[in-house]
Amino acid sequence: MNRIALLLFISAATSSVVLAQNKVSRPVAVLVMSGGTGPSWELPARPRIVGRPNSTTVNIPSGASILSAELRAFALINRKRVEAGLNPLTWSSRLEGVARSHSTDMARRAYFDHRSPSGKKVADRADDASLGEWKAIGENIAVNRGYPDPIARAVEGWVISPLHKSNLLARNWTESAVGVAIAADGSYYFTQVFLRR
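This structure is a prediction, so every number in the text was calculated from the model and none was measured.

Undergrad: For helix α2 (residues 93-109), give the residues involved together with the corresponding values.
TA: An ideal rise of 1.5 Å per residue puts 24 Å on 17 residues; α2 measures up with 24 Å between its terminal C-alpha atoms. Along α2, the residues that are buried comprise Leu-95, Glu-96, Val-98, Ala-99, His-102, Ser-103, Thr-104, Met-106 and Ala-107. Just downstream of α2 lies Ala-110, where phi reads positive at about 55 degrees.

Undergrad: I'd love a proper account of the pairing of strand β9 (residues 188-196), names of residues and values included.
TA: A large share of β9 lies buried, amounting to 7 of its 9 residues. Pairing analysis gives 9 bridges linking strand β7 (residues 136-144) to β9, with the strands arranged antiparallel. Looking at β9, one finds that Ala-142 is bridged to Phe-190. Sheet analysis places strand β8 (residues 175-182) next to β9, joined by 8 bridges and oriented antiparallel.

The rules behind the values
- Residues numbered from 1 in each chain as written.
- Predicted model: local features only at pLDDT ≥ 70, side-chain atom pairs only at ≥ 80, totals over all residues.
- Heavy atoms only, no water.
- Helix = DSSP H or I, 4+ residues; strand = E, 2+ residues; numbered from the N terminus.
- Expected span 1.5 Å × (residues − 1).
- Buried < 20%, exposed > 50% of the residue type's maximum accessible area, 1.4 Å probe, protein only.
- Pairing = 2+ DSSP bridges.

In structure tokens:
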């Protein structure tokens, strides 16, 4: 069966980690996957989305469906942490809003980046959400389309990416949440925000 090459875009896991006022930025890595072949990594000058929808409409199922997808991704991530001998993360409904709004924005405006077109990064979005004081914040993002289980595929993509995995398995995080949005073309956008107070 021929499969159209699917792209899972992954940016450097520590790209939006903020320690105090020190913001670190790294390039975006693209994991290119197609049926029957192994992964290969590329570092483009700017992230791009293949098959970008012409419409800005986002087909998002009911809130319960999105929340169940987010909680499932979160459970898969915590399972990886426990397997690595780490404490599971605590779900934060306030981080859920930060993560979901970024995924929704990327899906609606057809971009894929830690920085929104208006220039906001995860620290800015956290401040806009009035999260209060925190010591460190981080973010993993992913987008995929055409997989039977896009949630497991996104988590798998983070786990096989050394930088994402190091972010996902960092000991310093205590709170987290995953935000999911589905674009008009069926692409699933994922944002996971990590926090240490």
